[in-house]
Amino acid sequence: MQPILKLSNIKRNYGAIKALRGANFEIMPGEVMGLVGENGAGKSTMVKIISGFDSGFEGEYLLNGEQLHFSSPIQAERSGIAVAQQELSLIKTMCVAENIFLAGDSVPTFATKKTLAKNAKPYLEEVGLGHVDPLTSTDRLSIGEQHLIEVARLLAHDPQILILDEPTAALGETDSIRILNMVNRLSERGKSIIYVSHRLDEIFKISDRIIVLRDGESQEPRQASELDVNSLVELMLGRELKNMYPKRIKKEISKPIMEVKNLWPDRLLEGVNFNIYAGEILGLAGQLGSGTGDILAAIAGSTRTRGGELIYKGKTFLPKSPKEAIDSGIAYCSDDRKHDGLFLGRPISENLSSAALKSISKNGIRLPKLENEMVTENAIKFTIDPSRIPQEAGVLSGGNQQKVALAKWLAIHPDVILVNEPTRGVDVGARAEIYQKLRELADDGAAIVVASTDIQEITNLPDRVITIYRGIQIGEIGLEDMSAATILEEITNPFNEKGLQGDEDL
Amino acid sequence: MSNSSSVVKQNFIHRLARDYSPLVLIMVAVFIAIFVIGAATAPNFLTVLNIKTILRDAAIVGIMAIGLTFVTLSGNFFLLSMKETAALSIIAFATSMSAGYGFELSFLFTMVIAMAAGAIQGLLIGLGGNPIVVTLGAAGLFFGISSWWSDNLVVSFRRPHGAEWLGSGSFLGLPNITIAFIIIAIFAEFVLRRTSFGRQVYLVGSNRAAGRATGHENLSMAIKVCIIASVCSAFVAIAFSAQVSSAHVNYFSSSFGSSGDMTIMVIATVMVGGNSIMGGYGSSLRSSIGAVFISTVDNMMVLHGYNSGPRVLAVGLMIVFSIMVFALVQRGSRSVE
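Bear in mind the structure is a predicted one, so any value in this text is a computation, not a measurement. (Residues numbered from 1 in each chain as written. Chains lettered and ligands numbered in written order. Predicted model: local features only at pLDDT ≥ 70, side-chain atom pairs only at ≥ 80, totals over all residues.)

Topic: the overall build of chain A
- Broken down by element type, chain A carries 17 helices and 23 strands.
- In summary, chain A has a C-alpha radius of gyration of 24 Å against a globular reference of 23 Å for 506 residues, a match within 12%.
- Reported as C-alpha extents along the three principal axes, the dimensions of chain A are approximately 70 × 55 × 45 Å.
- When contacts within chain A are restricted to residue pairs at least 6 apart in sequence, long-range pairs at least 24 apart make up 68% of them. (Helix = DSSP H or I, 4+ residues; strand = E, 2+ residues; numbered from the N terminus. Rg over C-alpha atoms; globule rule 2.2 N^0.38 Å. Contact = placed C-beta atoms within 7 Å.)

Some words on the overall build of chain B
- Helix and strand counts for chain B come out as 14 helices and 4 strands.
- Computed over its C-alpha atoms, the radius of gyration of chain B comes to 21 Å, within 12% of the 20 Å expected for a compact globule of 337 residues.
- Its C-alpha atoms give chain B principal-axis dimensions of roughly 70 × 55 × 35 Å.
- Counting over 337 residues, chain B shows a buried share of 47%.
- When contacts within chain B are restricted to residue pairs at least 6 apart in sequence, long-range pairs at least 24 apart make up 79% of them. (Buried ≥ 20, exposed ≤ 12 C-beta atoms within 10 Å, placed from the backbone.)

Some points on the confidence of the model for chain A
- Here chain A averages 88 in pLDDT, and 97% of its residues register 70 or above.
- Scored below 50 in pLDDT, residues 499-506 of chain A makes 9 contacts in the model with residues more than four places away or belonging to other chains. (pLDDT = per-residue confidence, 0-100.)

Concerning the sheet that holds strand S4 (residues 58-63) of chain A
All names here are of chain A.
- Pairing in this open sheet of 4 strands is antiparallel, and the strands run S2-S1-S4-S5 from one edge to the other. Edge strands, defined here as strands with exactly one partner in the open sheet, are strand S2 (17-27) and strand S5 (66-67).
- Looking at chain direction, strand S1 (residues 5-14) and S4 are connected through 5 bridges and run antiparallel. The partner of Lys 6 across the bridge, within S4, is Leu 62.
- Sitting on the sheet, helix H1 (residues 43-50) is in contact with S1 and S2, with an inclination near 60° to S2. (Pairing = 2+ DSSP bridges. Axes fitted to C-alpha atoms, helices over the stretch in contact; angles between N-to-C directions.)

Points about the interface of chain A and chain B
- Contact residues are listed per partner, giving 30 residues for chain A and 23 residues for chain B.
- At the level of secondary structure, the elements contributing two or more residues to the side of chain A that touches chain B comprise helix H10 (322-327), helix H11 (337-340) and strand S19 (365-366) of chain A.
- The biggest single contributor to the side of chain A that touches chain B is H10 of chain A, with 3 residues.
- Of the residues belonging to the side of chain A that touches chain B, the class tally is 13 nonpolar, 12 polar and 5 charged. (Nonpolar A, V, L, I, M, F, W, Y, C, P; charged D, E, K, R; others polar.)

Here we look at the sheet that holds strand S12 (residues 258-265) of chain A
Residues and elements named next belong to chain A.
- Spatially, the 4 strands line up as an open sheet ordered S13-S12-S15-S16, and their pairing is antiparallel. Each end of this open sheet is capped by a strand with a single partner; those strands are strand S13 (272-276) and strand S16 (315-317). This sheet shows a mean twist of 15° between the axes of neighbouring strands, independent of strand direction.
- Pairing geometry for strand S15 (residues 305-312) and S16, over 3 bridges, is antiparallel. Bridged to Ile 311 within S16 is Thr 316.
- Each of S12, S13 and S15 is contacted by helix H9 (residues 292-299), which is oriented at about 115° to S12, the strand it contacts most.

A look at helix H15 (residues 428-443) of chain A
Residue and element names in this part refer to chain A.
- Relative to the 22 Å expected for 16 residues at 1.5 Å per residue, H15 spans 23 Å between its end C-alpha atoms, a close match to the ideal helical length.
- Among all positions of H15, only Val 428, Gly 429, Ala 430, Arg 431, Ala 432, Ile 434, Tyr 435, Leu 438, Leu 441 and Ala 442 are buried.
- Considering only its buried residues, H15 is in contact with helix H8 (229-237), strand S14 (281-285), helix H14 (398-407), strand S20 (416-420) and strand S21 (447-452).
- Positive backbone phi, at 110°, marks Gly 445, one or two positions downstream of H15. (Expected span 1.5 Å × (residues − 1).)

Written out as C-alpha cells, the structure is:
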C-alpha cells in the first residue's frame, strides 16, 4: 500500500532557529498516526506545514503521489486535509448546526436553521454527539463536546486526512474517552488521522504507528505495539528518563502554615476545610469542573468567594485581591498561563521580575543591575537558558513558558505556592524538571498545593491528596493509601451511584 | 578604511533584507523619497525660523500625545476627551487669571481641576467602563461645563500677567514651550524606562489579567495614566492661554492649528509613532517623534501652498501607512518555537 501523504526531508528555519532539519512523515489511508515529541521538537511546525499554514519550507510534499506545495490552509482543506486546532474556533453564541456549516459550502446559500439542523445531524452522529440537538446554542455544551463539534465541522468538508492537535489537552476523563472513541470510528471508515498529543497513554490506546520528532529530526515510524511508555520517552528525549517523579518520604506533621476554614468559592457546593503544611506538596484531586482550581484561586484572592477565611501567619483573613495575597507571600499560578500567567509580548526578564518590582527598585526607580542578577538567578533555578532572557516570552515553547510562569514567583520568596495544572501542555522533559523543582521548593520549606486533573500526576507528585467531587470535598488520602484507583474512585463516583456510565468502554 | 565601511554597509543592507519583508522596505523607501523631494522643493523649508516653527507646532500636540501615550501603553486605549480637558483647563486658567489670582495660583487651580477630571475618567475606566464610552461622555461633560462657565465667551486677561514667559518667552533661541516639550519628552521616557511605575504600565498594558495576578491592578493604573494625560492637556492649555492672554472653549476645536480636531491629532500622533493600540508596546519617545514628524510634513505642505483639506488627508494617510508598516514589521519579527 502506498502512503496517502508523504513528506520527505522537510527543512524549516525561523530566523536562526532550525525548527525542522530534514524530517520525514508519512501516513497510510485509514491509519491513526501518533505524532509525539517534546515541546520545541518541531511537532507544531510539522502540523502547520502539512495543513498549509506554513508554506516557507523546503522538501518534498506528496499527497496521493502528487507533488504539492500549499500556499494557504484553504488550499490544503480543498485537497482534503483538515486540522482541529488546540484553540477552539467556534462561535459560541451560534447554534451547533450553524457552527458546523460555518464555512458556508456544502449547504444551500439560503438555508433555514431547520435545513442546517437536518444536514448537521449525520456529522454529529459521526462524532458521537447524536443525542445533541443541532439547534442548541454552542456555549451550552461542555468543552469536550465543543471539541467534538469542531471535528464535526471539519468532517462536513469530507477530509481524507484529519489532524487532531492536542484534542484532549483541556478535557477531563469522560470527554477524552469520547474523543478517542471518535478517532477509532473515523479510522474504521477509512480516514487517516494524525494524532498529536502529550498524553502518551492516549497515544498508545489509539495509534497504529508512531512518529517521534526530536530536535527537528524524525525517527522512523514504529508500530505502536512494539513500543511501551518508557521506550517511547527514551526516543523522545534521546536519553533515558530515570524518574519522572521525585521520591517521596513520609513527613513529620508539624503545625500547619495555613488553615483553610469554610472557604467557599462561587463554583463549589459547600465550603472546604483543610490544612496546609510547610515542606509538603498537597494535591487537590478532582475532575475537570470539580472546582479544585477555584479553591486555589480563592486562596490567592483572584476569584469571588461566598465566604471563609484563612488562618495564616497569625492572621485570620481572606485576600480580596491577588495583590493582598502576594504581599503576604502567597503565589498562585492559574491553569491558563497565556491568560494570566505570562506577559507574552514582554521579555522573559520582565516576566520574571513582574511580581517583585518593589524589591528591585529604590524610591520607585528600578535598579537594572539588581533586577538582572535576580532574574538570571531565578531563570537558572528553573533551568531556563539565561541567554534567552531578553527574548519575548511568547516565542517560548509551552514547557518553557510554564517554567517562566512558575519561576516568576521565586522573586517574592513565597511561603505558599498554589499551582493549578502544573504541567498542562508541557512536554515530558520539562514536566520532570517542574516536578523536581516543586519538590525542591517544598524541601526548602515552602508549602505547595497542586490541583490537577491528570491522574498520573496527582497520584505520583503530592505527599497528601484531598479529593473533590463536583464541588464537594470528599476525603483525604495519605501517602500510604495513595494509588490511582483510590483517587479515581473518590473523584469520579464517591457515592457509588449507578447509571450515568455512558461510553466508558475503552 | 573605505573597505571596512563598505562591509558595514553591506551588512546593514543584508540585515535589513533579512529582518524586514520587501513590502515594508519598499513602502518606507517610497515614503522617504516623497519626504526628501518635498523637503528639497519646498521654499524656505530648511531655514532656522521654519525649523523653529515646526518644533513649536510639534510641541503643542506632542506634549498632549506624550500624556496620552501612557494611557495607550497601559492598555486603556485612548481618551477621547483630550480636547475637552484642554478646553476646561483653559477656561479655568483664564477665569482665575482675569480674577487676579496671579499665575502661580491659577496654574495650581487649573492642574487640580485637570487632575480631578483625569481621576474621574480613570476611576470609571478602571472599574470596567469602556474607555471610548467613558471618555466620550466625559468629553461632553467637560465641554458643557466650560462652555457654561464661560458663557461661551472669550475670557481674556490683561498683560502683564506674569505668564508671558511660558506663552511667548524663549531660551537660547528656542520658544519655552519647545523646551518644555523636550524636557517632558525626556522625563516621560525616563519614567517609562527606568521606574517601576513605567514597568507596570507596560506589564498591565501587555496583559491585564496577568498584571492583576502579579499584583498590578488596572484600577490604580487607569487613574494614574488618565491623570497624566489630563495634566499634559492642561499644561498645553495653560501655555496656549498664556500666549494669547485669553481663552475660549473652541480654541482646541476644529479651527485649532492646522489639521483639524485636536483630539484626533493627538491620537494620530500616538499612532504614527508606532505605539501598539492594544497596549504593552511602544514608548513616549515614539509619540514625540511622531509629533515632530507630522508637524514637519504639515509644514512642508503649507510651504507648498496646500490648504487644509489635503493636509488633513496627509495626516490620515500617515496613520494608515504607519499602522501598516508597524503591523508588517511586528508580524515578521515573531517566530515561535
